[in-house]
Amino acid sequence: MTDAKNRIEETVKANDVVLYMKGTKTAPQCGFSSRVAGVLNFMGVDFSDVNVLADDEIRQGIKEYSDWPTIPQLYVKGEFVGGCDIITEMTLSGELDTLFETSGVTYNKDAADKIRQANA
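Residues numbered from 1 in each chain as written. Predicted model: local features only at pLDDT ≥ 70, side-chain atom pairs only at ≥ 80, totals over all residues. Heavy atoms only, no water.

Regarding the packing of helix α4 (residues 84-93) against helix α5 (residues 95-103)
Piece 1. At their nearest, the axes of α4 and α5 sit 5 Å apart, and the two run at 90° to each other. Looking at the two axes, α4 sits roughly perpendicular to α5. Of the residues in α5, those in contact with Ile87, Met90, Thr91 and Ser93 of α4 are Glu95, Leu96 and Leu99. (Axes fitted to C-alpha atoms, helices over the stretch in contact; angles between N-to-C directions. Helix = DSSP H or I, 4+ residues; strand = E, 2+ residues; numbered from the N terminus. Parallel < 35°, antiparallel > 145°, perpendicular 65-115°, else oblique. Contact = heavy atoms within 4.5 Å.)

Side note on the pattern of salt bridges
When their charged atoms lie close together, side chains carrying opposite charge are able to pair.
Piece 1. Counting across every chain of the model gives 9 salt bridges.
Piece 2. Notably, a salt bridge pairs arginine 7 with aspartate 3, separated by 3.4 Å at the nearest N-O pair. Residue arginine 7 and its partner aspartate 3 are both found in helix α1 (residues 3-14); the two are separated by 4 residues, about one turn of the helix.
Piece 3. The class for arginine 7 is partly exposed, based on a relative accessible area of 30%.
Piece 4. Here arginine 116 and aspartate 97 are joined by a salt bridge, their closest N and O atoms 2.8 Å apart. Separated by 19 residues along the polypeptide, arginine 116 in helix α6 (residues 109-118) and aspartate 97 in helix α5 bring together distant segments of the chain.
Piece 5. Overlapping salt bridges, with partners in common, bring together Asp3, Arg7, Asp55 and Glu57 in one network. (Salt bridge = Lys/Arg side-chain N within 4 Å of Asp/Glu carboxyl O. Buried < 20%, exposed > 50% of the residue type's maximum accessible area, 1.4 Å probe, protein only.)

What to know about the nonpolar core
Piece 1. Met43, Val45, Leu74 and Phe100 are the most contacted members of the largest nonpolar core, which totals 22 residues.
Piece 2. Elements supplying a minimum of two residues to this core: β1 (17-21), α2 (31-42), β3 (73-76), α4, α5 and α6.
Piece 3. At 4 residues, α2 tops the list of elements feeding residues into this core.
Piece 4. When residues no more than four places from it in sequence are discounted, the contact partners of methionine 43 are Thr91, Leu96, Asp97, Phe100, Tyr107, Asn108, Ala111, Ala112 and Ile115.
Piece 5. If you look at the next biggest cluster of nonpolar residues, it comprises 11 residues, including Ile8, Val12, Val18 and Ile62. (Core = buried A, V, L, I, M, F, W, Y, C linked by side-chain atoms within 4.5 Å.)

Structural notes on the environment of valine 105
Piece 1. Topologically, valine 105 is positioned in the loop between α5 and α6.
Piece 2. Here valine 105 falls in the buried class, since its relative accessible area comes to 10%.
Piece 3. For valine 105 and aspartate 46, which are 59 residues apart along the polypeptide, the C-alpha to C-alpha distance reads 8.3 Å.

Have a look at this one:
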């Protein structure tokens, strides 16, 4: 395994929820990363953020690790969930709530419902 792959593996296994993104959860540096971080922050999810702009090896390595070409990438309990479009769809359909519930991830259900109401 490469060093980047090892670091990615350690990060996704050590944290319940990880978002590989451009920027940080408090200062996203692209619209797609901002959307996913915004959803997680609004829903009160405790997540680890990894800024791919700070490390070219991780930026390329995460694409190879997941076999997914774009960033952001969300991982829950070590499993790749998806990028911005998938997370948006899962949020609006309630699938993200279900994933968090079955994975034992704490989130604010009322906040999730407000997102759905605002997008109805």
